[in-house]
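# Residue-level structural notes
Here are the chains, one letter per residue:
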Amino acid sequence: MMIISGYRTTTLIYESANSIIYQGCREEDDLPVILKMLKEDYPSPEELARYEQEYEITRILKNTPGVIAAYDLLSYQNRLVIILEDFGGESLNKERFKASGMEKSLEIFIRITKTLGAIHAADIIHKDINPSNIALNPKTEQLRIIDFGIAEIKDTPTSHSSLPTSHLEGTLAYISPEQTGRMNRSADHRTDFYSLGVTFYELLTGKLPFESSDAMELIHSHIAKQPVPSHEVRPQVPNPLSDIIMKLLAKSPEDRYQTARGIWQDLEICRDALRQHGQIAAFPLGAQDHAGRFQIPQKLYGRKQEIETLAESFASVCQGQGEIMMITGYSGVGKSSLVTAFCDAMNRRQKTGKHPCFIAGKFDQFQRNVPYSAVVSAFSDLVRQILAQDETQLRFWREKLLSVLGPNGQVITDVIPEIERITGPQPRVAPLTPAEARNRFNLTFQNFIRVFSLPERPLVIFLDDLQWGDTASLQLIQQLIIPRESEALSNSHAGNHLLFIGVPVPWKRQDHLQNCFWKKQTGIPFSWASF
């Protein structure tokens, strides 16, 4: 048991990959407290900064009803400890919640929504709303929203809320489409409304809108699939309440509620109707849902033809014909947005039953001395998606990777360290000359990528700002796209389920790039699209 000056710890109540949480009390007045501390003995600067931000955000909300109170931030050895109030709350339990009755459920939903509205009024986005982060004391009926570990203060110098989300964060079963990092759009306060919809859905029906042990399938569902309405899963859910939840679960933020006030006022209509009449008649949703600020929609307009051009390339890849597409145009015309809109469109199309595994990276002018930076960044994100899956899926990927990498696994783990969390430690590889080591790396990476470019889920690699790519990266990309000579002769590239999309600046000579990435004898189609 840890010893922190001024506090007594009594019970370990929760342990995650990053944190350990104890119950305890403050010695000076026996005040019950929760002690939340970093798990690692030597946490990274980023983990320490995240804890400091969580404490700062919780302190900003200290006078907000329904938000957990933070008393102190302390140092313990090399770690940080946040001292939080202990009000005797328990995370919302779906089985107990279903048994509490519809009117009581509506009352709790209203209180949660009002608290979330107060959080948004303080310009804070929670980004991890789910039943585990909503605590209720069953005796006093006090309710708190807890765990601001990934919350953001909007529009501050350190905030990313105004920038497109490029990586996945949050609890996978509850995250919004824009929070998956696959939508090339920022996650604003309306991302919390989607998570709120998933939470309400689960508490009322006992099931999640989308259930899968495959992280990538779950991401695809959030982006593209429509959930079964809650009243069809559990007939006791009134249709108007089911409609409110479906509005919260809209794929586009513009189609959701725009304010917490709009949500709770519709919930109050449902509660009052149930009290007075025992049933809820249909009514127009969002009558009081008036946003307090003007927001420009982040949808892409006027690019239907260009998206169809990319869709034709994807259709060829689905048939096993790998393809290279270069998109050029001046800064700001929407090249990156176009590619993301294309992947979103492909995810939404159910005709082929295939949707892309989309990964993206961006070369940096000031990181040209870092080999493979954009490629490694793209695949690191893919590995993080795999790590979010259950043990059965992890075992599948582990066996597949180990069989493909063989004795050269360290070649990959040296550049993508997260891979070791799937495969385990890899044996050291034999030292080679620089030229031989480069060839070994290219061959091993080529085998590595084929693990993820599957017939049922073709791989789309999008790399931006190719003009800043280092020589090693460009050579590696060529090796990934172009089949080996033996495969070219046997026409085995017909099984190449890879679409490579590159974005260079317009002044980069097209013939130079084409020579870098393409050889005529391979038969791999190469095309340009200019804007």
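Before reading further, recall that the structure is shown in the block above.
Our focus in this paragraph is the environment of Pro-425. Its place among the elements puts Pro-425 in the loop between α14 (420-423) and α15 (434-450). Linking Pro-425 and Gln-410, residues 15 residues apart in sequence, is a C-alpha distance of 8.1 Å.

With that settled, consider the packing of aromatic side chains. Tallied over the entire structure, the rule returns 10 aromatic pairs. With a centroid separation of 6.4 Å and 15° between ring planes, the pair formed by Phe-358 and Phe-462 is classed as stacked. In this pair, Phe-358 sits in strand β12 (residues 357-362) while Phe-462 sits in strand β13 (residues 459-464), placing the two residues 104 residues apart along the sequence. Ring geometry for Phe-379 against Phe-448: centres 5.6 Å apart, planes inclined by 55°, an arrangement best described as tilted. Of the two residues, Phe-379 sits in helix α11 (residues 373-387) while Phe-448 sits in helix α15, which places them 69 residues apart along the sequence. No difference in accessibility class separates Phe-379 from Phe-448, as the two residues are buried. A network of ring pairs unites the aromatic residues Tyr-372, Phe-379, Phe-396, Trp-397, Phe-441, Phe-445, Phe-448 and Phe-452 as a single cluster. A cation sits over an aromatic face here: Arg-26 above Tyr-71, 5.7 Å from the ring centre.

Two strands in a sheet stick together by hydrogen bonds in their backbones, pointing the same way (parallel) or opposite ways (antiparallel). With antiparallel pairing, the 5 strands of this open sheet are ordered in space as β1-β2-β3-β5-β4. Each end of this open sheet is capped by a strand with a single partner; those strands are β1 (7-15) and β4 (70-76). Taken over all neighbouring pairs, the strand axes of this sheet differ in orientation by 25° on average, direction set aside. As judged from the 6 bridges shared by β4 and strand β5 (residues 79-85), these two strands associate in the antiparallel manner. Among the inter-strand pairings, Ala-70 is bridged to a residue of β5, identified as Leu-84.

Cut-off values and rules
In this convention, every chain numbers its residues from 1, walking through the sequence in written order. At least 70 in pLDDT is required for a residue's local features to be given in this predicted model, at least 80 for side-chain atom pairs to be given and counted, and no such filter applies to totals for whole chains, interfaces and linings, which use all residues. Here the side-chain values reflect all heavy atoms present in the structure, with hydrogen atoms and water set aside. Each helix corresponds to a stretch of at least 4 residues labelled H or I by DSSP, and each strand to a stretch of at least 2 residues labelled E; elements are numbered beginning at the N terminus. Here is the rule: rings of Phe, Tyr and Trp (six-membered ring for Trp) pair when centre to centre is within 6.5 Å. Planes less than 30 degrees apart are stacked, more than 60 are edge-to-face, and the remainder are tilted. Exposure is judged per residue with a 1.4 Å probe applied to protein chains only, and the accessible area is read against the type maximum: over 50% gives exposed, under 20% gives buried, and values in between give partly exposed. The rule is short: NZ of Lys or CZ of Arg within 6 Å of the ring centre and within 35 degrees of the ring normal puts a charge over the ring. For two strands to be treated as a pair, DSSP must find no fewer than two bridges joining them. To obtain an axis, a line is fitted to C-alpha atoms, over the contacting stretch when the element is a helix, and the angle between two such axes runs from 0 to 180 degrees between their N-to-C directions.

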